[in-house]
Structure formats: C-alpha cells, structure tokens
Amino acid sequence: MTDNPRVALVTGSTSGIGLAIAQRLTQAGYWVALHSRASSVAGLQEAAAMENTKYFQADLLDEGARKDLIDSVYTHYGRLDVLVNNAGESSVIPHDDLLAATPDIWHRLYELHVVAPWQLVALSEPYLRAASSADHPASVLNISSHAGVRPKGASIPYAASKAALIHVTRLLAKTLGPDIRVNAIAPGLVDTPLTEDWAAIREQWIRDAPMRRSASPKDITDVALMLTESAYLTGEVIVVDGGMNLL
Ligand code: NAD
C-alpha cells in the first residue's frame, strides 16, 4: 500500500445513496471500504466492479460487529480519513397510529440511526485524528433525513431518530474539531431500493416540490463530496430535498 490514497468507510454502501457516495469517492481518488448488513452477493459484486474498494459485512444493530468493522477496516488499510454513516432503514407507520409505533421499533431505529453512528465515530476517532492534517481534516458525514428537520416522514420513530442524528452531528462538530469535521445531509425523497414502492409520495414530490421531482442518488453525492472535501465546513446540515422543506 502506498502512503497516499485517503481511505473512506461508507456504511450501507451496496445500494442506493451509500453506493452512489462510494462510487463518487473512488472517482475522487479515495480507497473505499464498502459495507452492508448482509454478506450479499451484490456487495461482493460491487466491490469487484469498483477499483480500490474492499467489502466488509457487519450488522450495525450488533455492538460487537461495529467494533469488528472498524478494526477490520483499519487493519486492512492502515488509515481512515472519512467515515460516512449512511446505513439505515425505514418503517412506514401512519403518524396517528400511535400503538403501531411499538417500543421495539423505537429502540431499533434509535439504535441503528443514532447509537451505531455514535459508536462508529467513537471507535474511529483515534484513526481519524491520526490521518488528519490542516489541509485535509478528517471527516464524518452523517446521512440524516429531511424528516429529521421537518415534522414529516415515514414514521415518527424514524423522523425522531434522524432528528437526533442531526443534533449529535452538531455536538460532535463542536467536540471533535479541528482534527475531525462532522456534517450531515438531510435528503428528501431519493429514488433508491428503500423507496421503490413509494409511488404516492413520489407523486407528491413531482407535484409540490419546487424542483418538481424526487432526487437521484447523484443529487446527494454532489453534496457529499463537497462536504467530504471541504477543509473548513463543520457542524453543517444540508437539506437536499428539492425545496420540499419550504412547504
Ligand atoms: P437502501 O435500502 O438502498 O440502503 C440501505 C443500506 O443500509 C444497505 O446497504 C443496508 O445493508 C444498510 N443497512 C440497513 N440496516 C443495516 C444494519 N442493521 N446493519 C448494517 N447495515 C444496514 O437505502 P437508501 O435509500 O440508500 O438509504 C440510505 C440512508 O439514507 C438511510 O440512512 C436512509 O434513512 C437515508 N435516507 C434515505 C432517503 C430516501 O428517500 N431513499 C431519504 C432520506 C434519508
């Protein structure tokens, strides 16, 4: 391994937004650790198809697997410059059906969208600090949601977990600078496997959003690369929802 390439771990990067961010980072010269929950054929195929990537499996609901993931990535590459906390899932529950939003669902989404990203940052902190320089401070990018900013979303537990991730982003930006910058993106509706059945919501976006469409993953990666490459932005939350938050 040469000293030069910077290394990024993108969680949940075998499909959707995470895959698009991983592809964009490799194009920008990063070596990228791909990751997903299940050791999928898709993950291995993506890794084989993209240069300078290696695939790692970890269920981020499992505390021990989070530690193994960071250990394995660092053991393989010997450095870590960028952590993208993208892995997530949704549960569609009508907001007025309070009993349907069970404690299990609350715990699961909070664990996946808040506790797991937190722990990955904590475990990565020494490696990120070691890789950081004034020209290239290390970077954490959290993928939240427009549902974490506006009182909307697939379910209240989902929206609340993504709102908590935004607050954690700002708190960590205060805590970890100047070595580590911490930012978030809050996407609106993005066309990915997660939302392929959401036809009615997509219609809403086409009808009402100022940009008259849902996002493609590429719309998110433009912003992700900008936040990753900046030497100065920290504590920012960029809403990428075609203006839907204005309504
Ligand atoms: P996706 O279903 O295409 O990808 C989700 C990824 O997360 C997969 O790689 C999956 O393996 C991983 N993942 C899920 N649960 C995991 C677990 N327990 N352990 C490890 N990995 C796990 O979804 P996407 O639409 O690309 O979503 C990516 C992120 O963007 C999520 O955090 C999601 O909440 C967020 N988001 C998506 C949208 C949207 O409209 N698609 C909007 C706002 C925010």
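The preceding data block contains the structure.
(A) Summary view of unusual backbone geometry. Between Gly177 and the following residue, Pro178, the backbone shows a cis peptide bond with an omega angle of 0°. Within the secondary structure, Pro178 is located in the loop between α5 (156–176) and β6 (180–187).

(B) Seen up close, the pattern of salt bridges. Per the stated rule, a full pass over the model turns up 13 salt bridges. When salt bridges that share partners are traced, they join Arg24, Lys218 and Asp222 into one network.

(C) The arrangement of empty space enclosed by the protein in detail. For the structure on display, the rule yields two cavities of 30 Å³ or more. Space inside the largest cavity adds up to approximately 60 Å³. Along its surface, the largest cavity is lined by 13 residues, and Asn85, Asn86, Ala87, Leu112 and Pro117 are the ones closest to its centre. Elements with a minimum of two residues in the lining of the largest cavity: α4 (103–131) and α5. The leading source of residues in the lining of the largest cavity is α4, at five residues. The computed volume of the second largest cavity comes to approximately 50 Å³. Lining the second largest cavity are Arg6, Tyr30, Asp81, Val82, His136, Pro137, Arg181, Thr228, Glu229 and Ser230. A class-by-class count of the residues in the lining of the second largest cavity yields three nonpolar, three polar and four charged.

(D) Region of interest: the site of the ligand. Taken together, 30 residues are adjacent to the ligand, and Ser15, Asn86, Tyr158, Val190 and Thr192 come closest. Alone, the ligand offers 830 Å² of accessible surface; in the complex the protein occludes 94% of this. Put simply, the ligand lies in the largest pocket. Going through the elements one at a time, α1 (16–27), β2 (31–36) and α5 are the ones with two or more residues in the shell around the ligand.

(E) Structural view of the environment of Gly242. Structurally, Gly242 is set in the segment after β7 (237–240). When the C-alpha positions of Gly242 and Met211 are compared, they lie 4.9 Å apart, and in sequence the two are 31 residues distant. Excluding residues that lie within four positions of it along the chain, Gly242 makes contacts with Ala209, Pro210 and Met211.

(F) Highlighting the pairing of β2. Among the six residues of β2, six are classified as buried, and the element is accordingly described as predominantly covered. The alternating pattern of β2 places Trp31, Ala33 and His35 and Val32, Leu34 and Ser36 on opposite faces, both of which are buried. Bridge count between strand β1 (residues 7–10) and β2: four bridges; the pairing is parallel. By the bridge assignment for β2, Val7 is matched with Trp31. Of the crossover connections in this fold, the one passing from β1 over α1 to the parallel β2 is right-handed. Alignment of β2 against strand β3 (residues 53–57), held across five bridges, turns out to be parallel. Its bridge partner being in β3, Ser36 is matched across the sheet by Gln57.

(G) Structural detail: the packing of α4 against α5. Two elements in contact, α4 and α5, have axes separated by 8 Å at closest approach and are oriented at 20°. With respect to each other, α4 and α5 are oriented roughly parallel. For the crossing formed where α4 meets α5, the hand is right-handed. Counted together, Ile105, Trp106, Leu109, Tyr110, His113, Val114, Pro117, Trp118, Val121, Glu125 and Arg129 of α4 and Ile156, Pro157, Tyr158, Ala160, Ser161, Lys162, Ala164, Leu165, Val168, Leu172, Thr175 and Leu176 of α5 form the full contact between these two elements. Grouping the amino acids of the contact of α4 with α5 by side-chain chemistry returns 17 nonpolar, three polar and three charged.

(H) Main features of the side chain of Ser161. Structurally, Ser161 is set in helix α5. Residue class for Ser161 comes out buried when judged on its relative accessible area of 1%. The residues contacting Ser161, other than those within four sequence positions of it, are Leu109, Tyr110, His113 and Val114.

(I) Region of the structure containing the environment of Pro117. For Pro117, the position within the fold is in helix α4. Note on Pro117: relative accessible area 7%, which makes it buried. Taking C-alpha positions, Pro117 is 9.4 Å from Leu83, a pair spaced 34 residues apart along the chain. Among residues more than four places away in sequence, those in contact with Pro117 are Asn85, Glu111, Leu112, Asn142 and Leu165.

Conventions we followed
- Residues numbered from 1 in each chain as written.
- Predicted model: local features only at pLDDT ≥ 70, side-chain atom pairs only at ≥ 80, totals over all residues.
- Heavy atoms only, no water.
- Helix = DSSP H or I, 4+ residues; strand = E, 2+ residues; numbered from the N terminus.
- Salt bridge = Lys/Arg side-chain N within 4 Å of Asp/Glu carboxyl O.
- 1 Å grid on protein atoms, 1.4 Å probe; cavity = no way out; pocket = protein on both sides within 12 Å on 5 of 7 lines; lining within 4 Å.
- Points joined across faces, edges and corners; volume = space filled by probe spheres on them.
- Nonpolar A, V, L, I, M, F, W, Y, C, P; charged D, E, K, R; others polar.
- Near = heavy atom within 4 Å.
- Areas by Shrake-Rupley, 256 points an atom, 1.4 Å probe, with all protein chains shown as cover.
- Sits in = over half its atoms within 2 Å of the grid points.
- Contact = heavy atoms within 4.5 Å.
- Buried < 20%, exposed > 50% of the residue type's maximum accessible area, 1.4 Å probe, protein only.
- Pairing = 2+ DSSP bridges.
- Right-handed = clockwise from strand over helix to strand, strands pointing away.
- Axes fitted to C-alpha atoms, helices over the stretch in contact; angles between N-to-C directions.
- Parallel < 35°, antiparallel > 145°, perpendicular 65-115°, else oblique.
- Left-handed = near helix turned anticlockwise from the far one by under 90°.

No statement about biological role is implied by the geometric values presented.
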